[in-house]
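# A structural walkthrough
Okay, here's what each chain looks like letter by letter:
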Amino acid sequence: MSKKALITGITGQDGSYMAELLLEKGYEVYGIVRRKAVLNYGNVEHIKDSIKFINADMTDIVSLIGAMKTSMADEVYNIAGQSFVATSWEQPIVTTEINAVGVLNMLEAVRKVKPTARFYQASTSEMFGRAQEEKQSETTPFYPRSPYGVAKLYGHWISKNYRESYNMFTCSGILFNHESERRGKEFVTRKITDGVARIKHGLLDHLEMGNLDAKRDWGHAQDYVKAMWLMLQQNKADDYVIATGHTRTVREFVEKAFAYVDIKIKWQGKGLDEIGVCKDSGKTIVCVVPEYFRPAEVDVLLGNPKKAETELGWKREISFDELVQRMINNDMKLIEKD
C-alpha cells in the first residue's frame, strides 16, 4: 500500500517540488488549498490531476482536522506560510496567525486525528537574524530580526515541544535561502532575473534594488525538498540545517544574472548613490533605492549543513551558477511567450 502525504502550501515553490518528488516515489498526495471563487493551481497546474485537493485554512483548526481525517496522511509537510519577510512589517498580525499559530493548529490536528503521522515543519534561516556565529548550525542561538523570523521561531519551538511533550515524530528543517524558476516576483532573486530578462528584451531600462551587500546562502529548492523528505524517513525525529555552506552577495547575484545575458555593468559610487551603468549604451541598469531596505537588516546568513550531510546523506546537486541560469532561462521564455 502506498504512503499518504498531506502538503500545506502545495501550490507554492517548495510545495510543488515536494508534490513532484512524492508522486515520483509513489505516494498518494493530498494538498491543502484555500477556498476561492476560482482555484489557482499555481506551480502544480501541470500535475493537478494527480493530487487530491482539500479546502482548508491554516488559521482554522476545524478545517485542518477535517483535512487530516480526509487524508489520514502518514506524512505531513507543513510548508504553507506568509513567506515575504518585508511584508511581515506591514502585516505582523497576519504573519503571526499563519506562521506561528497556524503551525500549532496543524500540529493539534495531527495529534487529535493521527498522532503517529510524521510531521515536517518549514523553519527558516531568518530565525538566526543577527547571527551569533559566523556559520549557523543547529546549536546556534536564534536572534530573529523581523516579525517573520519571530513568528517562524514560534513554529519551530512548538514543533519541538510537541515532539518532547507527546512523543510525536516532528522535524524542523532550518532552510537557508533556496530559490528556483518557480519563485514569486516579490522575492529579490526572481525580481533580479525577471528584470534582467526584461532589460535584455528592451522592455525595461533599469532595475531598482535595495541592499546589494547583504549576503545569503543560496541553493535550489529542488535540492532542498529532498532533504525534507529524508528527515521524515529517519528512525529518530530531529532538526536539521539545510544550506550550501557558501555565501554570495545580492550584488554577485545581479552581476551573474547580467553576465549570463551578455550585458556588462560597471559599478560606480558607494551606498545609496550607487548605480550600475551599461558600458555599451550608457543607460542606468541598476539603481539602489532606500525604500527597499528593511527596517532591521539581516546582513549575513551562512549555514553549516554538516549534520544533514552526515546523518541524512543529503547533498546539494544544483550549483549557484546553474540556479541563476535556470531562473534567467525561464524568465526569458516567459517574456518571449507573452
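Before reading on, note that the structure itself is shown above.
Residues numbered from 1 in each chain as written. Predicted model: local features only at pLDDT ≥ 70, side-chain atom pairs only at ≥ 80, totals over all residues. Heavy atoms only, no water.

This part covers the sheet that holds strand β3 (residues 51-55). Read across the open sheet, the seven strands follow the order β3-β2-β1-β4-β5-β6-β11; overall the sheet is parallel. For this open sheet the edge positions go to β3 and β11 (240-242), each flanked by a neighbour on one side alone. Taken over all neighbouring pairs, the strand axes of this sheet differ in orientation by 25° on average, direction set aside. For strand β1 (residues 4-8) and strand β4 (residues 75-78), the ladder comprises four bridges, and the chain directions are parallel. From the neighbouring strand, L6 faces β4, where its bridge partner is V76. Across the sheet, helix α4 (residues 92-113) touches β1, β2 (28-33), β4, β5 (118-124) and β6 (170-175), and the angle it forms with β5 is around 170°. (Pairing = 2+ DSSP bridges. Helix = DSSP H or I, 4+ residues; strand = E, 2+ residues; numbered from the N terminus. Axes fitted to C-alpha atoms, helices over the stretch in contact; angles between N-to-C directions. Contact = heavy atoms within 4.5 Å.)

With that settled, consider the packing of helix α6 (residues 188-200) against helix α8 (residues 250-260). Orientation of α6 relative to α8, taken along the N-to-C sense of each, is 30°, at an axis distance of 10 Å. Comparing the axis directions of α6 and α8 gives the class roughly parallel. Two packed elements cross with a definite hand, and for α6 against α8 that hand is right-handed. Here V188, T189, I192, T193, V196 and I199 of α6 come into contact with α8, specifically with V250, F253, V254, A257 and F258. Grouping the amino acids of the contact of α6 with α8 by side-chain chemistry returns nine nonpolar, two polar and no charged. (Parallel < 35°, antiparallel > 145°, perpendicular 65-115°, else oblique. Left-handed = near helix turned anticlockwise from the far one by under 90°. Nonpolar A, V, L, I, M, F, W, Y, C, P; charged D, E, K, R; others polar.)

Quick look at the packing of aromatic side chains now. Within the structure shown, the criterion is met by ten aromatic pairs. Of the aromatic side chains, those joined through ring pairs into one cluster are F128, F142 and F176. The ring of Y166 is capped by R111, whose NZ or CZ atom sits 4.5 Å from the centre of that ring. Between R182 and the ring centre of Y17, over which it is positioned, the NZ or CZ distance is 4.0 Å. (Phe/Tyr/Trp six-rings, centres within 6.5 Å; stacked < 30°, edge-to-face > 60°. Lys NZ or Arg CZ within 6 Å of the ring centre and 35° of its normal.)

Looking now at helix α5 (residues 147-166). A rise of 1.5 Å per residue sets the reference length of α5, with its 20 residues, at 28 Å; its end C-alpha atoms lie 28 Å apart and thus fit the reference within 8%. Within the sequence span of α5, burial applies to Y148, G149, A151, K152, L153, G155, H156, I158, S159, Y162 and R163. Buried-residue contacts for α5 involve α3 (87-90), α4, β5 and β6. Count one or two residues on from α5 and you reach N167, which has phi positive near 60°. (Expected span 1.5 Å × (residues − 1). Buried < 20%, exposed > 50% of the residue type's maximum accessible area, 1.4 Å probe, protein only.)

For M72, which is not glycine, the phi dihedral falls at a positive 45°. Relative to the helices and strands, M72 is located in the loop between α2 (61-71) and β4. Under the relative-accessibility criterion, M72 is labelled partly exposed at 33%. Of note, the phi angle at N167 is positive, near 60°, even though the residue is not glycine.

Take the packing of α6 against helix α10 (residues 320-337) next. Orientation of α6 relative to α10, taken along the N-to-C sense of each, is 50°, at an axis distance of 9 Å. With respect to their mutual orientation, α6 and α10 come out oblique. You can see that α6 and α10 cross each other, and the crossing is right-handed. Seen from α6, the contacting residues are T189, R190, T193, D194, V196, A197, R198 and K200; seen from α10, they are V324, M327, I328, N330, D331, M332, L334 and I335. Considering only residue class, the contact of α6 with α10 consists of eight nonpolar, three polar and five charged.

Below, the discussion takes up the pairing of β1. In terms of burial, β1 is largely enclosed, as four of its five residues are buried. As paired elements, β1 and β2 share five bridges and run parallel to each other. Counterpart to L6 in the pairing with β2 is Y30. Each parallel crossover has a hand, and for β1 linked through helix α1 (residues 13-24) to β2 it is right-handed. (Right-handed = clockwise from strand over helix to strand, strands pointing away.)

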